[in-house]
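Summary of structural features
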Amino acid sequence: METKVRFWPILSILIGLLTTCWGGLPVLAQTSQSRSQATPASKWSSNLSWSASRNMDYYSDYFTRLSSSLNYNLSESMGLDFGFDYSQPIKDDEEQVRRYGFGDLSVGVSWPGLMKSPGSSLAGSVTLVLPTSRASQKASLMTSVEMGLSYSVRWKLFGISTSHAFIFSHYEFDTADEHGEVQNSPYGLNNSVMGSIFITPRITLGGGGGIYMYQTYSGRNYQILSARTSLSVAATESLSFSAGYSWRDSLLTNNSFLDDDTTVASLSMSYSF
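Along every chain, residues carry numbers that run from 1 in the direction the sequence is written. Since the coordinates come from a predicted model, pLDDT governs what is reported: local features require at least 70, and pairs of side-chain atoms require 80 or more to be given and counted, while whole-chain, interface and lining totals use all residues. Side-chain calculation: all heavy atoms of the structure are included, whereas hydrogens and water are not.

**Regarding the overall build of the chain**
- Numbering goes from the N terminus for both helices and strands, where a helix is a DSSP run of H or I of at least four residues and a strand is a run of E of at least two. A count of helices and strands for the chain gives three helices and 13 strands.
- Counting over 273 residues, the chain shows a buried share of 37%.
- Note on contacts: a residue pair qualifies if any of its non-hydrogen atoms lie within 4.5 Å across the two residues. If you take every contact in the chain between residues at least 6 apart in sequence, the share linking residues at least 24 apart comes to 55%.
- What sets the accessible areas is the Shrake-Rupley method with a 1.4 Å probe; for residues, cover comes only from the shown protein chains. Here the chain displays about 15,700 Å² of accessible surface, and carbon together with sulfur accounts for 62% of that area. The cut-offs for exposure are 20% and 50% of the maximum accessible area for each residue type, with area from a 1.4 Å probe on protein chains only; residues under the lower value are buried, those over the upper are exposed, and the others partly exposed.

**Concerning the packing of aromatic side chains**
- A pair of Phe, Tyr and Trp rings is counted when the ring centres sit within 6.5 Å of each other, with Trp represented by its six-membered ring. The angle between the planes then sorts it: under 30 degrees is stacked, over 60 is edge-to-face, the rest tilted. Evaluation of the coordinates by the stated rule reveals eight aromatic pairs.
- An angle of 45° between the planes, with centres 5.8 Å apart, marks the rings of Phe168 and Tyr187 as tilted. A residue pair is termed long-range when its members are at least 10 positions apart, and Phe168 in strand S8 (residues 158-171) and Tyr187 in strand S9 (residues 187-200) qualify at 19 residues.
- An aromatic cluster of three or more residues is present, and its members are Phe84, Tyr86 and Phe102.
- Only when the NZ of Lys or the CZ of Arg is both within 6 Å of the ring centre and within 35 degrees of the ring normal is a charge said to sit over the ring. For the cation-ring pair, Arg154 lies above Phe198, with the distance from its terminal atom to the ring centre recorded as 3.8 Å.

**A word on the pairing of strand S2 (residues 62-75)**
- Think of it this way: DSSP has to see at least two bridges between two strands before they count as a pair. Relative to S2, strand S1 (residues 44-55) runs antiparallel, the two being bridged by eleven bridges. When the sheet's bridge partners are listed, Ala52 is paired in S2 with Thr64.
- A loop of two residues connects S2 with strand S3 (residues 78-89), the two strands running antiparallel in sequence.

**Some points on a nonpolar patch on the surface**
- A patch consists of residues whose relative accessible area exceeds 30% and which take part in no salt bridge; residues with like charges are grouped when within 9 Å of each other, and nonpolar side chains (Val, Leu, Ile, Met, Phe, Trp, Tyr) when within 5 Å. In what follows, salt bridge is the name for a side-chain nitrogen of Lys or Arg lying within 4 Å of a carboxyl oxygen of Asp or Glu. Judged by side-chain polarity, Trp155, Leu157, Phe158, Ile197, Ile199, Leu205, Leu231, Val233 and Phe241 come together as a nonpolar surface patch covering roughly 820 Å² of accessible area.
- Broken down by secondary-structure element, the contributors of at least two residues to the nonpolar patch are S9 and strand S11 (221-234).

**A word on the pattern of salt bridges**
- Per the stated rule, a full pass over the model turns up one salt bridge.
- For the salt bridge of Glu237 with Arg202, the shortest nitrogen-to-oxygen distance reads 3.9 Å. With Glu237 in the loop between S11 and strand S12 (239-250) and Arg202 in the loop between S9 and strand S10 (203-215), this residue pair connects regions lying 35 residues apart in the sequence.
- Judged by relative accessible area, which is 38%, Arg202 ranks as partly exposed.

**A few points about the pairing of S10**
- Of the strand pairs in this sheet, S9 and S10 are connected by 13 bridges, and their pairing is antiparallel. Residue pairing across strands places Phe198 opposite Thr204, the latter belonging to S10.
- Connecting S9 to the next strand, S10, in antiparallel fashion are two residues.
- Pairing of S10 with S11 involves 13 bridges; the strand directions are antiparallel. Opposite Tyr214, over in S11, you have Tyr222 as the bridge partner.
- In this antiparallel pair of consecutive strands, S10 and S11, the connection spans five residues, and Gly219 shows a positive phi of 95°.

**Description of the confidence of the model for the chain**
- Mean pLDDT for the chain: 79, with 75% of residues reaching 70 or above.
- Low pLDDT (under 50) marks residues 1-41, which in the prediction has 97 contacts with non-local residues, meaning those over four places away or in another chain. A residue's pLDDT is the predictor's confidence in that residue, given on a scale from 0 to 100.

**Here's the deal with unusual backbone geometry**
- In the Ramachandran plot, Ser140 falls in the positive-phi region, its phi being about 70° despite a non-glycine side chain.
- For Ser140, the location among the structural elements is in the loop between helix H3 (134-138) and strand S7 (141-155).
- The buried category is assigned to Ser140, whose relative accessible area is 8%.
- Even without a glycine there, the phi angle at Lys156 is positive, about 55°.
- Turning to its location among the elements, Lys156 is positioned in the loop between S7 and S8.
- With relative accessibility at 61%, the residue Lys156 sits in the exposed group.

**Digging into the side chain of Ser53**
- Relative to the helices and strands, Ser53 resides in strand S1.
- According to the relative accessible area criterion, Ser53 is buried, its value standing at 4%.
- We define a polar contact as two N or O atoms separated by no more than 3.5 Å, with the added condition that, inside protein, one atom must be a possible hydrogen donor and the other a possible acceptor, whereas residues neighbouring each other in sequence contribute only through side-chain atom pairs. A distance of 2.6 Å separates the side chain of Ser53 from the side chain of Ser266, its partner in a polar contact.

**Some words on the environment of Ser246**
- Relative to the helices and strands, Ser246 resides in strand S12.
- Through-space distance from the C-alpha of Ser246 to that of Ser230 is 8.5 Å; in sequence the pair is 16 residues apart.

So this is what it looks like as structure tokens:
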């Protein structure tokens, strides 16, 4: 029998982590931030995040996610990144409709300073995903490789960043279920754009969207749209809080924009050390 880990609902709501529906941008941001805060005496840095999120559907409840990343600086412009997460529903009945437990382990190489100029920067990364989660193992995922590129520009109180990632996945079987109704996807392309307004040096308002395109083994193509907004407050150089909404849905669907079933609200906390 599977052992369930319980989290206090109130604690989970008050201390959470950054929203996880932000594609690859939050991971790159946390990685760069934690690496820049590493002292010259130590090449290691890390980030710990905890979030409480809730689908806007009336019958949904909160679920929590604990994420961690560990970074090692190979040089000033190159580093090794390790990532892991764990998610848990606050109520037992929510476990029937979401995938919970340990997530996949990610190991990657990042180049936060491929190109730098006053007010702009270009970063790149290559990430290997190991199927340590029950969901990936059940879908017969063998491995997945993601090659990402991001570009950011800042002008006075405004900033904009774009992120692009090509995802190649290898599965043992073409389908993710025993009935052959769910097709696995060997190829995917994720594109997103994010705009920011720096209200004060410690308060940032952000918003953006993206589109994820993937192809199944049967040759069918699908597109998933996403949109998000958030308000972030940096309490200290290491501690930050955030609240936001995220929406994600297929391109062809009967759901309306910001439909309750596809919109999630989150409170978050992130700490780098």
